[in-house]
Amino acid sequence: MPFVEAMRTDLRDDWETPKDLFRKLDEEFHFTLDPCATPQTAKCKKFYTKNDDGLRQSWAGEVVFMNPPYGRQIAKWVKKAWEESKKGATVVALLPARTDTNWFHDYVLNKAEIRFIRGRVYFRQDGGLVDRAPFPSMIVIYRPKSEKGGQ
């Protein structure tokens with residue numbers, strides 16, 4: 001499958017986080033939960049798979065790393081991250097930098113810290129390196145209300 005076709009989010013929406021990117025964020029945040037994982041891609045000891053449905057689970061009190069499905073469901077995951085931060089979770093999300101979307105304006109802009117990633121992320125798929133993403137990415141950080149900078 002050619003690269004451009006392989007990275008289309010309408011064909012597949014599960015893109016594994018590069019280990020180096022996760023490691024740098026984990027050193028800063030010390031994650032306890034990965035709510036969008038498979039047993040092969042989980043970045044934390046505690047994780048939820050599709051069958052567990054992380055959207056229906058509580059994340060309260062957790063330090064969450066979230067690399068959600070990038071398809072049509074992404075808005076639900078971003079909304080969930082924002083809502084869970086209001087219940088005490090710290091949520092760090094790797095997201096496509098789609099600043100024109102409703103979910104960005106409704107649940108990211110002025111609600112979270114945004115760190116735009118310079119260059120393109122090299123995602124992994126099924127354990128192997130795919131190639132550079134055809135879209136820019138950002139790290140979005142939701143902090144609990146009680147923390148400095150939280151909403």
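Summary of the structure given here. (Residues numbered from 1 in each chain as written. Predicted model: local features only at pLDDT ≥ 70, side-chain atom pairs only at ≥ 80, totals over all residues. Heavy atoms only, no water.)

### Examining the packing of aromatic side chains
A full pass over the atoms with the stated rule returns 7 aromatic pairs. What links up through ring pairs into an aromatic cluster is the set Phe-22, Phe-29, Phe-31 and Phe-65. Its guanidinium or amino end placed over the ring of Trp-82, Lys-111 lies 5.6 Å from that ring's centre, counting from NZ or CZ. (Phe/Tyr/Trp six-rings, centres within 6.5 Å; stacked < 30°, edge-to-face > 60°. Lys NZ or Arg CZ within 6 Å of the ring centre and 35° of its normal.)

### Focus on the environment of Ala-93
In this fold, Ala-93 is placed in strand S4 (residues 90–96). Leave out the neighbours within four places in its chain, and Ala-93 touches Met-66, Met-138, Ile-139 and Val-140. (Helix = DSSP H or I, 4+ residues; strand = E, 2+ residues; numbered from the N terminus. Contact = heavy atoms within 4.5 Å.)

### Describing helix H2 (residues 19–29)
Taken together, the buried positions of H2 are occupied by Leu-21, Phe-22, Leu-25 and Phe-29. End-on view of H2: buried residues confined to an arc of 95°, all on one side of the axis. Exposed residues pointing more than 90 degrees away from the buried face of H2 are listed as Lys-19, Asp-20, Lys-24 and Glu-27. On its buried face, H2 sits against strand S3 (63–66), S4, strand S5 (113–116) and strand S8 (137–142). One or two residues past the end of H2 sits His-30, with phi positive at roughly 60°. (Buried < 20%, exposed > 50% of the residue type's maximum accessible area, 1.4 Å probe, protein only. Arc of directions from axis to C-beta.)

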